[in-house]
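Now for the letters of each chain:
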Amino acid sequence: MKKGTIILVIPTAIFSAVLLYLVIWNAVISFTNWSLLNPKISFVGLQTYFSVVRTFQFSNSILHSLELSASLVAIGNILGILFAGLLYFLSSNKARSVFLSIIIYPLAISMAVNALIWLWLFNINIGIDWLLVRIGLPQFPWLSSTSTMFPSLILVSIWAYTGIAALFYLAGFMNIDKSVIEAARLDGASAFKILYKLLIPNSFNSFIIATALLFLFSFRIFSLPYILSGGPTNIFLQTAVVYMYYLFTVEFFSQATAVATIITVIASVIIIPYALIIIRRWIRK
Amino acid sequence: MRPVVKASLHYLALAIVSILWLIPVYAMIVNGFKSNLEVLSSPVLSPPTSLSLTAYITVFNALAKPLVNSLIVVIPTSFISAFLGAMGAYFFYTLSYSFSKLSSVISDVLFSLIALATFIPYQATLIPLTRLIVSMGILDTYIGIIFAMLIFYIPTGALLMSMFVSVIPRSLIEAAKVDGTGDLKIFMKIVFPLSMPGFISTLIFIIIQSWNNFFIPLILVTTPNMRLVSVAVQSYTGGYGTLYNDTFAAAMLASVIPLAIFIFLGRYFIRGLIALGGGGKGV
Amino acid sequence: MVRIIAKNISKYFKKGRVIALDKINLIIENGERFGILGPSGAGKTTLMRIIAGLEVPSEGELYFDDKLVAKDGKLIVPPEDRRIGMVFQTWALYPNLTAYENIAFPLTNTKISKEEIRKRVEEIAKILDITHVLNHYPRELSGGQQQRVALARALVKNPSLLLLDEPFSNLDARMRDSARALVKEVQSRLGVTLLIVSHDPADIFAIADRVGVLVKGKLVQVGPPEEIYNKPISIEVASLIGEINEIEGKVTKEGIIIGSFKIPVNINTDKAVIGIRPEDIKISKEPIKEEEWILIGKGRVKVIGYQGGLFRITVSPLDSEEEIATYLDHPIKAGEEILVYVKKGSIKIFT
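Keep in mind that this is a model prediction, so the values were computed, not measured.

What counts, and where the lines are drawn
Residues numbered from 1 in each chain as written. Chains lettered and ligands numbered in written order. Predicted model: local features only at pLDDT ≥ 70, side-chain atom pairs only at ≥ 80, totals over all residues. Heavy atoms only, no water. Helix = DSSP H or I, 4+ residues; strand = E, 2+ residues; numbered from the N terminus. Buried < 20%, exposed > 50% of the residue type's maximum accessible area, 1.4 Å probe, protein only. Contact = heavy atoms within 4.5 Å. Areas by Shrake-Rupley, 256 points an atom, 1.4 Å probe, with all protein chains shown as cover. Lys, Arg positive; Asp, Glu negative; His and termini not counted. Charge placed at Lys NZ, Arg CZ, Asp CG, Glu CD. Pairing = 2+ DSSP bridges. Axes fitted to C-alpha atoms, helices over the stretch in contact; angles between N-to-C directions. 1 Å grid on protein atoms, 1.4 Å probe; cavity = no way out; pocket = protein on both sides within 12 Å on 5 of 7 lines; lining within 4 Å. Points joined across faces, edges and corners; volume = space filled by probe spheres on them. Nonpolar A, V, L, I, M, F, W, Y, C, P; charged D, E, K, R; others polar. Bend = angle between axes of the 7 residues up to and from the residue. Domains from an automatic or database assignment. Buried area = accessible area lost by both parts, 1.4 Å probe. Salt bridge = Lys/Arg side-chain N within 4 Å of Asp/Glu carboxyl O. Polar contact = N/O pair within 3.5 Å; in protein donor to acceptor, adjacent residues only side chain to side chain.

**Quick look at the overall build of chain B**
In step 1: Tallying secondary structure elements over chain B gives 12 helices and zero strands in all.
In step 2: Walking chain B from its N terminus toward its C terminus, one meets helices and strands in the order α-α-α-α-α-α-α-α-α-α-α-α.
In step 3: With the C-alpha coordinates of chain B rotated into their principal frame, the extents come out at 75 × 70 × 30 Å.
In step 4: Across the 283 residues of chain B, 63% fall into the buried class.
In step 5: Across chain B, every contact between residues at least 6 apart in sequence was considered, and the portion connecting residues at least 24 apart equals 73%.
In step 6: When the accessible surface of chain B is totalled, it reaches about 10,300 Å², and 74% of it is carbon and sulfur.
In step 7: Taking the average location of the 14 positive side-chain charges in chain B and that of its 7 negative ones, the two points are 7 Å from each other.

The structure is reproduced here in structure tokens:
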């Protein structure tokens, strides 16, 4: 391969190699017992994994992560389809882009900032509850009750990320041959029927992309639970990533890297097939 | 159901969704203009009884340096990532029509790596990343933060630009090859100019992502002087005794730049999002 | 000015399930104008791309003069080193560069000075009569102008081989004749070896000295265009290079009988496929005295069309649905009974 060609990829390759190094480093340290209690590192095989996996916090946080992702994927897809449907049937392109921007804008704001605002909105006296009480609905405990903490987190995530799903479904809808839709309209089909029978069945691609992205974004959510709980220690809001950070703050490094490696593996299982599908479909035509 | 009723219901549904979605930004804007007393006592959702700029003034002084720090970090990071990533994307493009088995293996491996770098929960690389930055002696420096961000954003740029570069007609590249052009020159003179809209989308996407990045500046900066605005805002969290109207003003200041970019250049951001999902065509 | 030798070149796609080229053996002489004719999908573009270096042969060897440039799935000399100029079917002009910059582009990859580049670009622009559009972008030019810019870009670097891939298909029919004449003139002026790929026989007749007919990946006949036209080895080849009436029937002592037609043939088999070109058929109300026209019977005019200044008449024998076509310089009424003649010695027999 010619020199001029190789130059193109050198920066990308170098930084990708650094990332690979980081991932491997994580894995290596996870096989040791390095922590505050063991400043001298020695290899212990899978022992760290066994001890970490058995802790309550591990299963708790992994469960939370999976719960968060599952909720976001399920609700994000459903709401995404609905919103995309609402947007699709608008006649004005301008209105469509305005409303689309409204549901996507949360992505333009830092999640840390979003968390701050929602922290206030969740205040049971002067937050959203003030309005709910005014309408006559009961005061919802949001972050002040352990059973509603996590659902509140899910709510904010849905607010932040549903826009992505809606975007992909909308893009998918707009790729469907318009003449088919027009024929259905002429046949008297209602908007719901068109959505249900024509648009959704042809949206398998959008479903795949939306699900993959929702899962990946939800899995890496950090600042939201971190700020909503004021730190990494609240186990009711602890996701896998937050738990890993907690282990780092208490200097249990090998356990932290063990959790980090587990997180990386779970994410890779989704990312790598997804990447290979992309490369086969879009790049190697 | 009569069309007028249907249309009204349609718009009503959209209005409800819009209002729900806009509540947080409304709260952010409105409460920044309240006096501290009013923020503590009046509902978050009600508008201020009188406009007060004290919050903004205090916060602006405190956030001025973080804002500058963020600019110094984000601008080079995004331009470098988008450009170098574009080069990498063209490299993938050249691999896709090479004839050897080896090149398809290389492109699979490299592409999986850049996808991993784009989507991985980067918090998982916390420990080796800090260790690396410390050992390179660039903790608490602009270079350090930029370097760490580039690890994730150059591959992101490469992934996004792969979508945009793949729609360039193959015959143009072939004509250039027949004309005796090397790949680097093909990139500079043909591929890069022709993928400019995609480049701008990638650039906008990375600007917004890197500006809002919370975790990397969190762990790589220990001196208050070097803090970026995404982290500095965190010091205004609730917790008894801290100032409250400042929270909203701080949030607003931290978000002004990405929101402004989103409002004016939003379609590029959206195109970048769509490319992220693997479909650069027809947007 | 190069001699191209293809030895047993085969090209497979989809892991061998698609055979695009099947053992092609071909020699294109130095300075020759060679055409490749075939239906779409026959593999003509694939063969051209292999010669250009944009594809490699799955099996076989390709030589430029005595240099091996590709062999058995390996690219030995890449396209940028083969000194070829190519005009793509879509012209592939760089949209972000002006016509001048497009033409100059191949020269900027060499060490030639800027003044020398300007000289050469202006020279070739003059030959192709595009000097006045050099400062425009491709999208501002007409189809004919774009094509000439593409041709200029291919020629400006003095290639040893010029490849034209269906170069006229994007032009209006009116422009094609002048475009063909231009290509031929430029080639003879520069003496470059020329390979043109087309499905349109008009291109081949206008430009090529020799033509190779490619059908389903196999090179079935090679020779001068007139030879292919008059002595095609199969009905398929015959129909690729011109219009021909295909007739299949049982052979009797009186020839092939179809309805009221008796077509005299001298064959020993029971069945035969024959072809007669429209210009070798004549219809007339009155008997024709010239000896070269042999009467085959009475027929009825079926359909009248108009093509290229002539009337295309479809004729059937009485009591048969078989149709043959011929051309007349005047219209004739449908349903009329006429006498049908065939030119002596013009019947092509393929069995």
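**What about the sheet that holds strand β8 (residues 161-165) of chain C?**
All names here are of chain C.
In step 1: Pairing is mixed across the open sheet formed by six strands, whose spatial order is β7-β8-β9-β3-β10-β11. If you trace the sheet from one side to the other, it starts and ends with β7 (84-87) and β11 (218-223), each paired once. Shown here is a sheet whose adjacent strand axes are inclined to one another by a mean of 15°, direction ignored.
In step 2: The pairing of strand β3 (residues 33-37) with strand β9 (residues 193-198) spans five bridges and is parallel.

**Overview of the layout of surface pockets**
In step 1: The calculated volume of the largest pocket comes to roughly 1,800 Å³.
In step 2: Along its surface, the largest pocket is lined by 47 residues, and L95, Y97, S98, F99 and S100 of chain B are the ones closest to its centre.
In step 3: When residues of the lining of the largest pocket are traced back to their parent elements, those giving at least two are α1 (3-30) of chain A, α3 (54-96), α4 (101-119) and α7 (170-178) of chain B together with β1 (4-13), α1 (44-52) and β6 (74-75) of chain C.
In step 4: A breakdown of the residues in the lining of the largest pocket according to their chemical character gives 16 nonpolar, 14 polar and 17 charged.

**Focus: helix α6 (residues 142-165) of chain B**
In step 1: The largest bend along α6 of chain B reaches roughly 40° and is located at L150 of chain B.
In step 2: With 22 of 24 residues buried, α6 of chain B is to be regarded as a mostly interior element.

**Details of the domain arrangement of chain C**
Residue and element names in this part refer to chain C.
In step 1: We note that the domain assignment places domain 1 (4-240) and domain 2 (248-350) within chain C.
In step 2: Domain 1 and domain 2 are separated by 39 Å when their C-alpha centres are compared.
In step 3: Taken together, the contact pairs seven residues of domain 1 with six residues of domain 2.
In step 4: Between domain 1 and domain 2, the buried area comes to about 550 Å², and carbon and sulfur atoms account for 55% of it.
In step 5: At the boundary of domain 1 with domain 2, the tally comes to zero salt bridges.
In step 6: Applying the counting criterion to the domain 1 and domain 2 interface returns four residue pairs in polar contact (both at pLDDT 80 or more).

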